[in-house]
Amino acid sequence: MSATSEWESWYRAGDTPWDKGYAAPPLMEWLEDHGPLAGRILVPGCGLGHDARALATKGVDEVVGIDLSPFAVEQARRLAAGRPVRFTVQDLFDETWDGQGGFDWVFEHTCFCAIHPDDRPRYVRAVRRLLKPNGRFLGVFFLNPWDPGEKPDGPPFGTGQTELDELFGPWFNLVEEYVPTQAYPGREGRELVRLLRCNRGD
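Note that the coordinates shown come from a computational prediction; the quantities given were computed from them, not determined experimentally.

S.K.: Mind laying out the overall build of the chain, listing which residues take part and the relevant values?
M.R.: On a plain count of helices and strands, the chain comes out with six helices and seven strands. Along the chain, helices and strands appear, N-terminal first, in the series α-α-β-α-β-α-β-β-α-β-α-β-β. Counting over 202 residues, the chain shows a buried share of 49%. Put simply, of all contacts in the chain between residues at least 6 apart along the chain, 69% involve residues at least 24 apart. With the model as given, the accessible surface of the chain reaches about 9700 Å², and the carbon-plus-sulfur share is 50%.

S.K.: Which residues make up the packing of helix H5 (residues 120-130) against helix H6 (residues 161-168), and what values do they have?
M.R.: Where H5 contacts H6, the axes come no closer than 10 Å and their chain directions differ by 50°. When the axis of H5 is compared with that of H6, the two are oblique. The interaxial crossing formed by H5 with H6 has right-handed handedness. Where H5 abuts H6, its residues Arg 120, Pro 121, Tyr 123 and Val 124 lie against Glu 163, Leu 167 and Phe 168. Of the residues belonging to the contact of H5 with H6, the class tally is five nonpolar, no polar and two charged.

What counts, and where the lines are drawn
- Residues numbered from 1 in each chain as written.
- Predicted model: local features only at pLDDT ≥ 70, side-chain atom pairs only at ≥ 80, totals over all residues.
- Heavy atoms only, no water.
- Helix = DSSP H or I, 4+ residues; strand = E, 2+ residues; numbered from the N terminus.
- Buried < 20%, exposed > 50% of the residue type's maximum accessible area, 1.4 Å probe, protein only.
- Contact = heavy atoms within 4.5 Å.
- Areas by Shrake-Rupley, 256 points an atom, 1.4 Å probe, with all protein chains shown as cover.
- Axes fitted to C-alpha atoms, helices over the stretch in contact; angles between N-to-C directions.
- Parallel < 35°, antiparallel > 145°, perpendicular 65-115°, else oblique.
- Left-handed = near helix turned anticlockwise from the far one by under 90°.
- Nonpolar A, V, L, I, M, F, W, Y, C, P; charged D, E, K, R; others polar.

Shown next as structure tokens:
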């Protein structure tokens, strides 16, 4: 089964434990503390679009949410009526897609942890390619999605600061990092927020 059909089957069956029905608490905490993002914003692996809708506030040029699942994109469009947000079925790894001019921001939440760790270098290359020069990457990373004694397979796949440094370090400068105080129930202390700036200045 392809990745597209696998995610599509989960969404159609309603087998989506990662979807809590509202935007990620660490994102809302960020927006409260730092203010809204501006320009064009990409949300890869957007699912039903809760995070993308939260980002689509006054003053934003456009929020673009992409997902492999046509069903998820259809539902996201329905929920986003009247907001400056666009949802499309798109593979982040498709190098022919340029995002119609690039993005000022990429917001990451649940896409990085959903792909196999072997594909993470491709993920970094993709978001770097899609960001404008000196664009910014705001990520909520799932450090440890498994409780002790549980089967440590994924998705979701956990990560750590060392891996993040190795993957993003050559292409991005770390601006800010912290453990969010707000989280979905059960994720308290298990996530890491990172703000990165793309060091591609061309």
